[in-house]
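Report on the structure
Spelled out, the chains give:
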Amino acid sequence: MKTPIQPFVSYLRFAGVVLLWSTLLFFACSKDESTKNSVPEKAVLLTPANKLTGVNIDQLNLEWQSASDPDGDAVVYDLYLDTESSPQTKVIGDLKANSYKLQTDLDFETTYYWRVVARDGKGGSSESDIYSFTTREATIRELIIGKWTIINFILSGTPLDWDECRQRSSLQFFEDGSIIVEGYSGAPCELQNRDKGTYTITGNILSVSVDNESDSFQIMSIYNTGMKLRFGDYMYVLTRAQ
């Protein structure tokens, strides 16, 4: 037989259980909130400035503003750089400094895109904006360095008999101002001459001295893979050797 107090006791027990679970849930939620990781602020890119042109190609230094972390965690950076508008090529990762000097030279007259990802080591990360810059044009002297094969020989607008063997003939320009001239001809095809000399460039005039003889050529056009030289009525068409 139930006494009048038993329902009240049952209620107190139920209320006690509810209170216990509420307390446990509160502390669990509080613990989750206190251990939640906050992502670092995003890095602000500084140099090169966005859309800057005429940028030097030599081991460019990229710099960004350090990103702070709300939790006080140490922040490291991943640097991405390539010619795609959303760069995916990681140049370096886990960088502690807020700048990096590229270890290789860039290409002339090329637009590059870069971004920085800030990470806190606890899974939190943030991405910077994407900046772009365009490298400067190359000078004639910079472009001419290397080996060029003579693929055509034109007299007053008419191509001469410049066969496959002669197309192996070449001019090789070096940074110290020296040049090697190679001439091929014959059947079978053979190297007929290999002479060393010097060269200078003034404006668009190329002066070549070999065996105490000097000739001057007008550089009609030059770009990364092709060049045209005029010598009187003759035109030499050259391509950069692979």
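A short tour of the structure in this document, coming up. (Residues numbered from 1 in each chain as written. Predicted model: local features only at pLDDT ≥ 70, side-chain atom pairs only at ≥ 80, totals over all residues. Heavy atoms only, no water.)

In this section: the pairing of strand S4 (residues 76–82). Most of S4 sits out of view: 7 of its 7 residues are buried. The side-chain alternation of S4 yields two buried faces, one formed by Val76, Asp78, Tyr80 and Asp82 and the other by Tyr77, Leu79 and Leu81. When S4 meets strand S5 (residues 90–95), the two strands line up antiparallel, connected through 3 bridges. Of the residues in S5, the one forming a bridge with Leu79 is Ile92. (Buried < 20%, exposed > 50% of the residue type's maximum accessible area, 1.4 Å probe, protein only. Helix = DSSP H or I, 4+ residues; strand = E, 2+ residues; numbered from the N terminus. Pairing = 2+ DSSP bridges.)

What follows deals with the sheet that holds strand S1 (residues 44–47). Spatially, 3 strands are ordered S1-S3-S6 in an open sheet, and the strand pairing comes out antiparallel. Only two strands of the sheet have a single partner each, and these edge strands are S1 and strand S6 (99–101). The mean angle between the axes of side-by-side strands here comes to 20°, regardless of whether they run parallel or antiparallel. Of the strand pairs in this sheet, S1 and strand S3 (residues 61–65) are connected by 3 bridges, and their pairing is antiparallel. When the sheet's bridge partners are listed, Val44 is paired in S3 with Gln65. (Axes fitted to C-alpha atoms, helices over the stretch in contact; angles between N-to-C directions.)

Right, let's get into the pattern of salt bridges. As enumerated under the stated definition, the model contains 9 salt bridges in all. The salt bridge partner of Arg119 is Asp78, with a shortest N-O separation of 2.8 Å. Within this pair, whereas Arg119 is found in strand S7 (residues 111–119), its partner Asp78 is found in strand S4, the two being separated by 41 residues in sequence. On the accessibility criterion, Asp78 (5% relative accessible area) is buried. Close ionic contact of Lys147 with Glu182 constitutes a salt bridge, the shortest N to O distance being 3.9 Å. (Salt bridge = Lys/Arg side-chain N within 4 Å of Asp/Glu carboxyl O.)

A few words now on unusual backbone geometry. Cis geometry marks the peptide bond from Thr47 to Pro48; its omega dihedral reads 0°. Structurally, Pro48 can be placed in the loop between S1 and strand S2 (52–55). Positive phi, normally seen in glycine, also occurs at Ser156, with a value near 50°. Along the chain, Ser156 turns up in the loop between strand S10 (146–155) and strand S11 (158–159).

Core analysis: the biggest nonpolar cluster contains 22 residues, and Trp64, Tyr77, Leu106, Trp114, Val116 and Phe133 have the highest contact counts within it. Elements that contribute at least two residues to this core include exactly S3, S4, S7 and strand S9 (131–135). Take this core: its biggest share by element is 4 residues, from S7. With sequence-adjacent residues up to four places away left out, Leu106 is seen in contact with Ile57, Leu60, Leu81, Tyr112, Phe133 and Thr135. (Core = buried A, V, L, I, M, F, W, Y, C linked by side-chain atoms within 4.5 Å. Contact = heavy atoms within 4.5 Å.)

To continue, consider the packing of aromatic side chains. Centre distance and the angle of the planes are the two values used to describe a pair of aromatic rings. Applying the stated criterion to the full structure yields 9 aromatic pairs. With centroids separated by 5.2 Å and ring planes inclined at 45°, the aromatic side chains of Phe153 and Trp162 adopt a geometry described as tilted. Relative to Tyr199, the ring of Phe173 lies with its centre 5.0 Å away and its plane at 85°, an arrangement referred to as edge-to-face. Within this pair, whereas Phe173 is found in strand S12 (residues 170–173), its partner Tyr199 is found in strand S14 (residues 190–202), the two being separated by 26 residues in sequence. No difference in accessibility class separates Phe173 from Tyr199, as the two residues are buried. By way of ring pairs, the aromatic residues Phe153, Trp162, Phe217, Phe231, Tyr234 and Tyr236 are connected into one cluster. Lying over the aromatic face of Tyr80, Arg115 brings its terminal NZ or CZ to 4.0 Å of the ring centre. (Phe/Tyr/Trp six-rings, centres within 6.5 Å; stacked < 30°, edge-to-face > 60°. Lys NZ or Arg CZ within 6 Å of the ring centre and 35° of its normal.)

Along the chain, Ser132 falls in strand S9. Contact partners of Ser132, with chain neighbours within four places excluded, come to Ala49, Asn50, Lys51, Leu52, Thr111, Tyr112 and Tyr113.

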